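Here are the chains, one letter per residue:
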Amino acid sequence: DHYIGDSHLTYGVHLEGHRYNPGQIDPLNDNSIMMPHHIDKKNMVIGALYVNNERIFGEQFNVSAGLRVSAARNGKSYCQIEPRVELSSSLSSNAALKASYVRTAQYDHMLTNSTLGMPTDVWMPISKIIRPQSADMVSLGVHGALNDINVELYCETYYKVMHKVVDYRDNANLYMNDNVDLEVKEGRGRTVGLETMVKYENNILELQTSYTLSKSERQSNDINQGRWYFAAYDQRHNLSV
């Protein structure tokens, strides 16, 4: 990273490797009625280049903009461009406003299987059939402080659109399936939410309470007759103290 005048420039290279073991069955002994079955292991390599520049204009305005170019290979190569920008401005000595846009990409998918009475989460990499997920999110938030009573306040609203998210098709065959790619369907998703937080702190006590109101939905042409349905992790209200 470099500091050039009022700018802070960061850049780098990222490389990681993944190895997936989707599942296997091994009999306890020779008398078992179960037959051994191993699903082929899979490998995936992900690489990325990124650059980001944060610049301060005067004492009240800050701009951070960056670009990440990522790629992955697992039988087929995919490339994603991920821009991002964040604007923040001081409203007063005790309050600030922040707005942002970010695009992200993900090259593996988590599939949840509860058909056996034993909920199991399985990570599945991209393939010739299953493409990378991506998401676009915009957010707007305000942060303030009531210094006289040691209270911080935070509120943010966001909207996210997800592309090529995956879910099992209706009546899918999931158990030890060597071709689970064929049981997965691509779709889209959307999430909207409002997050709030209040924090109080003094020399002997720290108290923080937060509340989130959100809604998360999915849609795929081959699931639920093409109608929108709630995502598995949809949680309308979340209150913590």
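As shown above, the structure is provided for reference.
All values derive from a computational prediction rather than experimental measurement.

Draft legend 1. Highlighting the pattern of salt bridges. Per the stated rule, a full pass over the model turns up 9 salt bridges. For E156, the salt bridge goes to K98, with nearest N and O atoms at 3.9 Å. Note that E156 is positioned in strand β12 (residues 151-168) and K98 in strand β8 (residues 95-106), a separation of 58 residues in sequence. Of the residues examined, K98 reaches a relative accessible area of 29% and is grouped as partly exposed.

Draft legend 2. Quick peek at unusual backbone geometry. A positive phi angle, close to 60°, is found at N150, a residue other than glycine. By secondary structure assignment, the location of N150 is in the loop between β11 (133-146) and β12. The exposure class of N150 is partly exposed, given its relative accessible area of 41%. For K164, which is not a glycine, the phi torsion comes out positive at approximately 60°.

Draft legend 3. Structural detail: the side chain of D181. Within the secondary structure, D181 sits in the loop between β12 and β13 (184-201). This buried residue, D181, is left without a salt bridge; K42 holds the nearest opposite charge, at 4.0 Å. Reaching out from D181, the side chain makes a polar contact with the side chain of S127 at a distance of 2.8 Å. Residue contacts for D181: discarding those within four places in its chain leaves K42, M124, S127, I129 and I130.

Draft legend 4. Up close: the pairing of strand β5 (residues 42-57). Relative to β5, strand β2 (residues 7-20) runs antiparallel, the two being bridged by 14 bridges. Bridge pairing in β5 places L9 opposite N53. In this structure, β5 lies alongside strand β6 (residues 61-73), joined through 13 bridges in antiparallel fashion. Its bridge partner lying in β6, L49 is registered against V69. The antiparallel hairpin formed by β5 and β6 contains 3 residues in its connecting segment, where G58 sits at a positive phi of about 65°.

Analysis parameters
- Residues numbered from 1 in each chain as written.
- Predicted model: local features only at pLDDT ≥ 70, side-chain atom pairs only at ≥ 80, totals over all residues.
- Heavy atoms only, no water.
- Salt bridge = Lys/Arg side-chain N within 4 Å of Asp/Glu carboxyl O.
- Helix = DSSP H or I, 4+ residues; strand = E, 2+ residues; numbered from the N terminus.
- Buried < 20%, exposed > 50% of the residue type's maximum accessible area, 1.4 Å probe, protein only.
- Lys, Arg positive; Asp, Glu negative; His and termini not counted.
- Polar contact = N/O pair within 3.5 Å; in protein donor to acceptor, adjacent residues only side chain to side chain.
- Contact = heavy atoms within 4.5 Å.
- Pairing = 2+ DSSP bridges.

Purely spatial values, then, with no claim about function.
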